[in-house]
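# Structural overview
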Amino acid sequence: MAFFSRLFSTPDRTPLPSLEDLLASRGIPADLPGLEPFKGEFQHLKGEERGHWADALAATVAGGWPLPPDWLDAQYDLQPEVVPLWMAERDGLHYRPYIDGLAMRIRVCGQVMPAPWLVLWGLGAEDVTERAMDQLREKSKGKPFKRLPSGIYKAEFEDGRASARILLPELWAGLFPGQNTFVAVPNEDCLLLAPQVILPKLVEGIAAGLAGPGRRLAGTIFQQVEHHLLPANLQDPHPIAQPQRELRQGDLMEAYRAQEPHLPAALGVPAAMGLLRTQQGRSVSLATWQEGAPTLLPETDLVAFVGAGGKPLGIYFRQTLPRITSLHGTPVDIWGPRRLRYEGFPTPQELDRLECFATGEQMAALIKGANPAAAPRPSTAALANQANPGALSGQASSPVPAHLRGLSLGVQNDD
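Residues numbered from 1 in each chain as written. Predicted model: local features only at pLDDT ≥ 70, side-chain atom pairs only at ≥ 80, totals over all residues. Heavy atoms only, no water.

### Structural notes on the overall build of the protein
Heads up, the condition is: Here a strand is any run of E in DSSP of at least two residues, a helix any run of H or I of at least four, and the numbering for each starts at the N terminus. Here the term buried applies to any residue with accessible area under 20% of the maximum for its type, exposed to any over 50%, and partly exposed to those in between, with areas from a 1.4 Å probe on protein chains only. What makes two residues a contact is simply this: any of their non-hydrogen atoms within 4.5 Å.
The number of helices and strands found in the protein is twelve helices and 20 strands. Per-residue burial for the protein yields a buried fraction of 46% across its 415 residues. Contacts in the protein between residues far apart in sequence, at least 24 positions, make up 61% of those at least 6 positions apart.

Here it is in structure tokens:
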């Protein structure tokens, strides 16, 4: 019966919206450059599909992007790339998160692909990504990794996008049989690999890659765990635990620095950021909160409070800020790492509720020994007093993360 009902059913006679009407309703000119090749395919779309297609066209125009090239040509010029996650969020083009702090995008004929292009082509993201990956594999054939004098391996593909090969572990996963494989992509044209026994040499290679030419990607060391890539979990007393910590902190600070110029001035003042070195040899991130204006606070380990007259009031663990119930941070609506906006400023009594890393006097000594030209990142300076050594180690209920408990103030990083 179902067969006969379909055979004799009355077709839907609702007229399809015309291209002219859809363009007019969205304020798109009918003579839009590059539109002509798509008009033929448009005629085969159904009513709802036509609406989605017109929305994608409007989004392309609103984003200031050109119309995509015809798919018959574009399908032969696809290139996957990896970029910092904050950059992918900022640019608003099609991407998918890849690993911690990195995202994958697709270049089409030299242009990073906006998401609406997929709708205009009538394709899914998986189809385009798969085809782009196949082309990357083909371009990577017959180009072995180069072993450097240090013992680490470096990708050399002569196309300026060596970092994209991190997406193809089959190219490098077998370089160190029976050993853990560690990977880094400090810049766009740099992919480094090393076994665990020469991790210090990998750190040196990353530092050189970050300081060299090309767009910075990430300093973080990644580790291959079965079929997955993860940030290398190097814990104290591992000799590379502190370098890995600093590299990850550097990636986060790079994201915050990129974000800062895009923060609306009307919201408040972005808190200055820096790094401190503790007596235990660990680096901790620090934000400076100055009294007198709303503050946009990044998610650092510590917060240094400065009074309206410039008086240092002390350095405290940021995770204990919720103890001051009169202060309520509101998330800032912006791409990249999270910031909270605070309108008030804590009183001395309220600061006493927080867990202290350094007193006002110790903070003043730190500033006094710093190079003013380098603020808010003071140079190496020994402090006369230590900041509550071991004060947090026995506080099991403390909101301070376990890896930060028991830290005391020592010397500051040169950078």
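Now, onward.
### Some points on the pairing of strand E9 (residues 222-225)
Rules: Any two strands with at least two DSSP-identified bridges between them are counted as paired.
Examined bridge by bridge, strand E7 (residues 181-184) and E9 share two bridges and lie antiparallel to one another. Each residue of the ladder has a partner; that of Val-183, found in E9, is Phe-222. Sheet analysis places E9 next to strand E10 (residues 228-231), joined by four bridges and oriented antiparallel. Within the sheet, the bridge partner assigned to Val-225 lies in E10 and is His-228.

### Details of the sheet that holds E10
Either a parallel or an antiparallel arrangement is found when strands of a sheet pair, and the pairing is made through backbone hydrogen bonds. Counted only if it meets this: To get an axis, fit a line to the C-alpha atoms, keeping to the stretch in contact for a helix; angles then go from 0 to 180 degrees between the N-to-C directions.
Spatial strand order, E5-E6-E8-E7-E9-E10: six strands in an open sheet with antiparallel pairing. The open sheet has two free edges, formed respectively by strand E5 (146-147) and E10, since each of these has just one partner strand. Bridge count between strand E6 (residues 153-154) and strand E8 (residues 192-195): two bridges; the pairing is antiparallel. When the sheet's bridge partners are listed, Lys-154 is paired in E8 with Leu-192. Across the face of the sheet, helix H9 (residues 199-211) comes into contact with E7 and E8 while running at roughly 165° to E8.

### Points about H9
Formally: Every helix has an expected span of 1.5 Å times one less than the residues it contains. The directions considered for the arc are those from the helix axis to the C-beta atoms.
Here H9 is 13 residues long and its end C-alpha atoms lie 19 Å apart, about the 18 Å a rise of 1.5 Å per residue gives. Within H9, burial applies to Leu-199, Leu-202, Val-203, Gly-205, Ile-206 and Gly-209. Down the axis of H9, the smallest arc covering the buried residues is 160°, so these residues share one side. Exposed residues on H9 whose side chains face more than 90 degrees from its buried face are Ala-208 and Ala-211. Considering only its buried residues, H9 is in contact with E7, E8 and helix H10 (241-259).

### Some thoughts on the nonpolar core
Short version of the rule: Residue types Ala, Val, Leu, Ile, Met, Phe, Trp, Tyr and Cys, when buried and joined through side-chain atoms within 4.5 Å, form a set referred to as a nonpolar core.
Ranked by size, the top nonpolar core spans 50 residues in total, and within it Leu-57, Ile-166 and Leu-191 carry the most contacts. At the level of secondary structure, the elements contributing two or more residues to this core comprise helix H2 (19-25), helix H3 (36-42), helix H4 (47-62), helix H5 (71-74), strand E1 (78-84), strand E3 (102-108), helix H7 (116-121) and helix H8 (125-140). Ignoring anything within four residues of it in the chain, the contact list for Ile-166 reads Val-82, Tyr-98, Ile-99, Trp-172, Val-183, Val-185, Leu-191 and Leu-229.

Any functional reading would require information that these geometric values do not contain.
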